[in-house]
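The chain contents come next:
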Amino acid sequence: MASMIAESKYMFHVLLHPFDGFYAVKSTRSRNYTLPTIILLICGLTGILGYQYTGFILNYNPLFAMNSIMLFITTLIPFLLFMISNWSVTTLFDGNGTMGDIYVVMTYALVPKLIFDIIGIILSNTIIQEEAALLHAFVVIGTIWFYFLVFCGLCVIHEYSPLTNVVTLIVTFISAIMIVFLAILYFMLVSKVIGFVYSVVIEWMKR
Amino acid sequence: MKYKWAIIFAFILGMMLPSASAFAANTFESNYTYDFWGNSQKSLPAFELVNQVDGSSLGDIPLGSVDDVFVSSDRIFLVDSTESRVDVFDRDLKFLLSIKLIRDDAGKIIVNPDTNQQLMLNKPGGVYFSEALNELYIADTEAERIVVLSGSNYAFKRSIEKPANMVGVTQFKPSKVIVDKDGQISVVVQGSYEGIIQLNSDGTFARYFGLNKPKVNVVDYFWKSIASSQQKQKMKKIFAPSFNNITFDSEGLIYATTFDASAQNKVFRFNSKGENVLLQNGYWPVIGDLHSFGITDKKSQFVDIAVSDFGVYALLDKTKGRVFLYNFEGDLMNIFGSNGNLKGDLKDPTAIAWAGDRLIVTDKQFSTAYLYQPTEFGQIALDAEKQYFNGKWEAAGKDYEQTLHQNANYDIAYTGVGRNYLMRDKYEDAMYYFELGNSRGYYSKAYNGYRNLFIQHHFVWLIIPFLLVAFALFYSEFRYNKRNS
């Protein structure tokens, strides 16, 4: 527990000093995945909270059709997808970061975004339509911070120059699309096979 | 062990496949309405069939078809283009007379001296009775003219042929005609891409009227933008979609409909410049049915529009034989009617008109005119709109509350009730109803009032933390300076 508190203290140091911080995370400090996993779970939870508890004025979600498990998964899938595709790209591009490094960078970077998002959810219940733009601008601060941290962190752990990092990020994006494409292909194939087996079983039973 | 995990994994993946969905509930229920989320919800019909005009109503005279209907203060005019006739009924649907041969004031049939032919209607398509001028205008489509008769004895007054100064390529085949208080005539020609023809009261051409924008295809737009002018000449031209029906509202503005699939809008309310100023503040734009299933299922095609004195307009849909009722803000109020062969069903709907609070819907193929009267629910809903349109907020709020007792799926009434509470500064009640009515704009207004009151009442509790923080800041500064000095 005490180590967790120390870890979180260090995490907030990383948020303000990303280059030094992420370098220490990668090379000198002992690796512990509890805190990153907790952050990731909180991220999924924030997705659910945002769906349900965003103020009525800004909330265009059909609450009667809410499925919190699906929300949890759909919030996390982009990040996991990014992790996998970034790892698979950077291994080809001579990146030095491991999957674990990317995981830590991404989850630590998520923290400001989550903080701003949660404050945004709370504030959205106290605003009127005219103030929505201000709230949006406020929440965007967290998102920009998140992008900045991810960019810095990836630079550090892969030991890339910024330009190489941009290139790998573009390739990461493309490869993410390919992963999604293959996944859809796979699911369609599986559903075809299941459909085939199902019809064979029906055929056999009604023979 | 490895296989076991593979099987479990495959099972989980299989469970994640989307289930097949069925839309049966959306198609078989004819009395439905659309909620904020675009789902169809069951609803009471606002109108019910009470009476009809068919072949038997006219005695021995055959009724070929009914193509247009106009309701004046004491008469109903039905146009029969198959038999080239205009039939006149009183407001109780009792047959008065029919006009086929045009007579003069003395009651003699008019004969054209040149051709020695009787002056006779030739497949008329529309009729309009002008109360202000006491004149009956018949759009005599095949004869390419508008015949003007006296409103009291139906004697021939004049006929308006194609004006000599008319420009453009539109053929002068008037299909629908309306006349405003000053005698300015607006004519719809089916298939004309130049707009509504407007004629001065003396029959001279004034202008083409009304802007009907076609949908823009992104691919076409791209190719057109890089094509040379020679290439452009060879390309297929995109014409403005044509209007197919027009009517006036109580303020004298022209409403028009189009069922051309290439048009951006389906319903128009024109200002004097010919721009569309129709309010579409409802949950959905004024397009009739939201969903169409499969390739064979077409979207709603409006053949006629009827606008009441209090802004509620009824749209007649050819695709599914439905009548869509909208209020002047563009909220969908009700949907009723259906396609079919039963009594009250429509096959080829042609026209719709208000007769007081009643609606007359005509069908070409069945050659009938149906008279619909409001149901209990429909009457209250109409009353609520009437009160709201006339600025009687209090009464409107009560009527909206009544409609909710009849039909809890009538979502716009929640907004109506909430609006009444908002006017009376009862913010919490207003917010409750606006949330039910999914009306975020009004909710924001009510919440603004509620928040102001909240801050006023709890000002002390809100200001104390600020004061404490400010005090702590000053105190720490004070101590810091003191220690240093």
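From a predicted model like this one, the values you see are computed outputs, not experimental measurements.

Cut-offs and rules
Residues numbered from 1 in each chain as written. Chains lettered and ligands numbered in written order. Predicted model: local features only at pLDDT ≥ 70, side-chain atom pairs only at ≥ 80, totals over all residues. Heavy atoms only, no water. Helix = DSSP H or I, 4+ residues; strand = E, 2+ residues; numbered from the N terminus. Rg over C-alpha atoms; globule rule 2.2 N^0.38 Å. Contact = heavy atoms within 4.5 Å. Areas by Shrake-Rupley, 256 points an atom, 1.4 Å probe, with all protein chains shown as cover. Lys, Arg positive; Asp, Glu negative; His and termini not counted. Charge placed at Lys NZ, Arg CZ, Asp CG, Glu CD. Pairing = 2+ DSSP bridges. Axes fitted to C-alpha atoms, helices over the stretch in contact; angles between N-to-C directions. UniProt positions renumbered as here; feature names shortened; annotations may be inferred. Buried area = accessible area lost by both parts, 1.4 Å probe. Salt bridge = Lys/Arg side-chain N within 4 Å of Asp/Glu carboxyl O. Polar contact = N/O pair within 3.5 Å; in protein donor to acceptor, adjacent residues only side chain to side chain. Nonpolar A, V, L, I, M, F, W, Y, C, P; charged D, E, K, R; others polar. Buried < 20%, exposed > 50% of the residue type's maximum accessible area, 1.4 Å probe, protein only. Parallel < 35°, antiparallel > 145°, perpendicular 65-115°, else oblique. Left-handed = near helix turned anticlockwise from the far one by under 90°. pLDDT = per-residue confidence, 0-100. Phe/Tyr/Trp six-rings, centres within 6.5 Å; stacked < 30°, edge-to-face > 60°. Domains from an automatic or database assignment. Expected span 1.5 Å × (residues − 1). Arc of directions from axis to C-beta.

Where do I start with the overall build of chain A in this structure?
If you tally the helices and strands in chain A, you get 7 helices and 0 strands. Its helices and strands taken in sequence order, chain A reads α-α-α-α-α-α-α from the N to the C terminus. For 207 residues, the compact-globule formula gives about 17 Å, and the C-alpha radius of gyration of chain A, at 21 Å, lies well above that figure. In terms of overall dimensions, chain A has a C-alpha envelope of 70 × 50 × 40 Å along the principal axes. Within chain A, residue pairs in contact and separated by at least 24 positions form 74% of the contacts whose partners lie at least 6 positions apart. About 12000 Å² of surface is accessible on chain A, with carbon and sulfur atoms providing 76% of the total. Taking the 8 positively charged and 9 negatively charged side chains of chain A as two groups, their mean positions are separated by 14 Å.

Mind showing me how you'd approach the sheet that holds strand β27 (residues 368-374) of chain B here?
To summarise the sheet geometry, strands pair through backbone hydrogen bonds and adopt either a parallel or an antiparallel arrangement. Residue and element names in this part refer to chain B. If you walk across this open sheet you meet the 4 strands as β3-β27-β26-β25, and the pairing is antiparallel. Both outer strands of the open sheet, β3 (47-53) and β25 (349-355), are each paired with one neighbouring strand and no more. Neighbour-to-neighbour, the strand axes of the sheet open up by a mean angle of 25°, direction not taken into account. Two elements, β25 and strand β26 (residues 358-363), share 6 bridges in a ladder whose sense is antiparallel. Bridge pairing in β26 links I352 to V361. Lying over the sheet, helix α5 (residues 376-389) contacts β3, β25 and β27, oriented at roughly 75° with respect to β27.

What is the right way to look at the UniProt feature "domain: Yip1" (unreviewed entry) in chain A in this model?
Residues annotated in UniProt with the feature "domain: Yip1" (unreviewed entry) correspond here to residues 12-184 of chain A. Each end of residues 12-184 of chain A is marked by a C-alpha atom, and these two atoms are 38 Å apart; helix forms 79% of the span and strand 0%.

Even after reading the chapter, I still don't get the interface of chain B and chain A, so can you show me in this structure?
Quite often, the size of an interface is put as the accessible area lost when its parts meet. Opposite the 17 residues of chain B that make contact, chain A presents 18 residues. Of the roughly 1500 Å² buried between chain B and chain A, counting both surfaces, carbon and sulfur atoms make up 70%. For the pair chain B and chain A, the interface holds 1 salt bridge. Here E131 of chain A and R451 of chain B are joined by a salt bridge, their closest N and O atoms 2.9 Å apart. Where chain B packs against chain A, one counts 6 residue pairs in polar contact (both at pLDDT 80 or more). Broken down by element, the side of chain B that touches chain A gets its largest block of residues, 7 residues, from helix α9 (residues 440-457) of chain B. In the side of chain B that touches chain A, the residues fall into 7 nonpolar, 7 polar and 3 charged.

Sorry if this is basic, but what is going on with the pairing of strand β15 (residues 185-188) of chain B here?
Within a regular strand, the side chains alternate between the two sheet faces. Residue and element names in this part refer to chain B. Where burial is concerned, the two faces of β15 agree: the one with I185 and V187 and the one with S186 and V188 are both buried. Relative to β15, strand β14 (residues 176-179) is paired through 4 bridges, and the arrangement is antiparallel. Directly across from I178, in β15, lies its bridge partner S186. Here β14 folds back onto β15, and the loop between the two strands holds 5 residues, one of which, G183, carries a positive phi near 90°. Judged from the 3 bridges that link them, β15 and strand β16 (residues 196-199) form a sheet pairing that is antiparallel.

Just to check I follow, could you spell out the packing of helix α3 (residues 34-53) of chain A against helix α4 (residues 68-92) of chain A for this structure?
For any two helices packed against each other, the geometry comes down to the angle between their axes and how far apart the axes lie. Residues and elements named next belong to chain A. In contact at an axis separation of 8 Å, α3 and α4 are set at 125° when each is read in the N-to-C sense. The angle between α3 and α4 places the two elements in the oblique class. Judged by the sense of rotation from one axis to the other, the crossing of α3 with α4 is right-handed. Between α3 and α4, the residues in contact are L40, L41, C43, G44, L45, G47, I48 and Y51 and S68, L71, F72, T75, L76, F79 and L80, respectively. By residue class, the composition of the contact of α3 with α4 is 11 nonpolar, 4 polar and no charged.

Teacher, can you tell me more about the UniProt feature "transmembrane region" (unreviewed entry) in chain A here?
Residues and elements named next belong to chain A. Those residues carrying the UniProt feature "transmembrane region" (unreviewed entry) are residues 33-51, 63-82, 102-123, 135-160 and 166-189 in this numbering. Here residues 63-82 is 75% helix and 0% strand, with 29 Å between the C-alpha atoms at its ends. Between the C-alpha atoms that bound residues 135-160 there is a distance of 35 Å. The span itself is 92% helix and 0% strand.

Looking at this structure, I do not really get the confidence of the model for chain B. What am I missing?
Do not read the fine detail of predicted coordinates wherever pLDDT is low. Predicted confidence across chain B gives a mean pLDDT of 88, with 96% of residues reaching 70 or more. Counted against residues more than four places away or in other chains, residues 22-29 of chain B, with its pLDDT under 50, gives 5 contacts.

Quick question: what am I supposed to make of the packing of aromatic side chains here?
Centre-to-centre distance and the angle between the planes together describe a pair of aromatic rings. All names here are of chain B. Evaluated as defined, the whole model comprises 41 aromatic pairs over all chains. Plain terms: the ring middles of Y128 and F248 are 6.3 Å apart, the flat faces sit at 80° to each other, and that makes the pair edge-to-face. With Y128 in strand β10 (residues 126-130) and F248 in strand β18 (residues 245-248), this pair connects stretches of sequence that are 120 residues apart. With relative accessibility at 15%, the residue F248 sits in the buried group. Ring pairing ties together the aromatic residues F47, F310, F336, W354, Y370 and Y372, which thus form one cluster.

Is there a simple way to explain the domain arrangement of chain B in this structure?
Residues and elements named next belong to chain B. By domain assignment, chain B separates into domain 1 (32-374) and domain 2 (377-455). Distance from the C-alpha centre of domain 1 to the C-alpha centre of domain 2: 34 Å. Tallying the contact residues gives 27 residues for domain 1 and 21 residues for domain 2. Summed over both sides, the interface between domain 1 and domain 2 buries roughly 1900 Å², with carbon and sulfur atoms accounting for 62% of that surface. The largest contributions to the domain 1 side of the interface with domain 2 come from Y283, F310 and M333, which together make up 29% of the buried area.

Looking at this structure, I do not really get helix α6 (residues 393-406) of chain B. What am I missing?
Within an α-helix, residues lying three or four positions from one another point in the same direction, as the helix has 3.6 residues per turn. Residue and element names in this part refer to chain B. Taking 1.5 Å of rise per residue, the 14 residues of α6 would be expected to cover 20 Å, and the 20 Å separating its terminal C-alpha atoms lies within 8% of that figure. Along α6, the residues that are buried comprise A396, G397, D399, Y400, T403 and L404. End-on, the buried residues of α6 take up no more than an arc of 165°, which puts them together on one face. Counted as exposed and oriented over 90 degrees from the buried face of α6: K398 and H405. The inward-facing, buried residues of α6 abut α5, α7 (411-423) and α8 (427-436).

What is the right way to read the pattern of salt bridges from this model?
For the structure shown, the criterion picks out 20 salt bridges over all chains. Between R419 of chain B and E329 of chain B there is a salt bridge, with its nearest N and O atoms 3.3 Å apart. You can see R419 of chain B sitting in helix α7 and its partner E329 of chain B sitting in the loop between β23 (323-326) and β24 (332-336), a full 90 residues away along the chain. Under the relative-accessibility criterion, E329 of chain B is labelled buried at 13%. Each member of the salt-bridge network shares a partner with another, and the members are K26, R31 and D101 of chain A.

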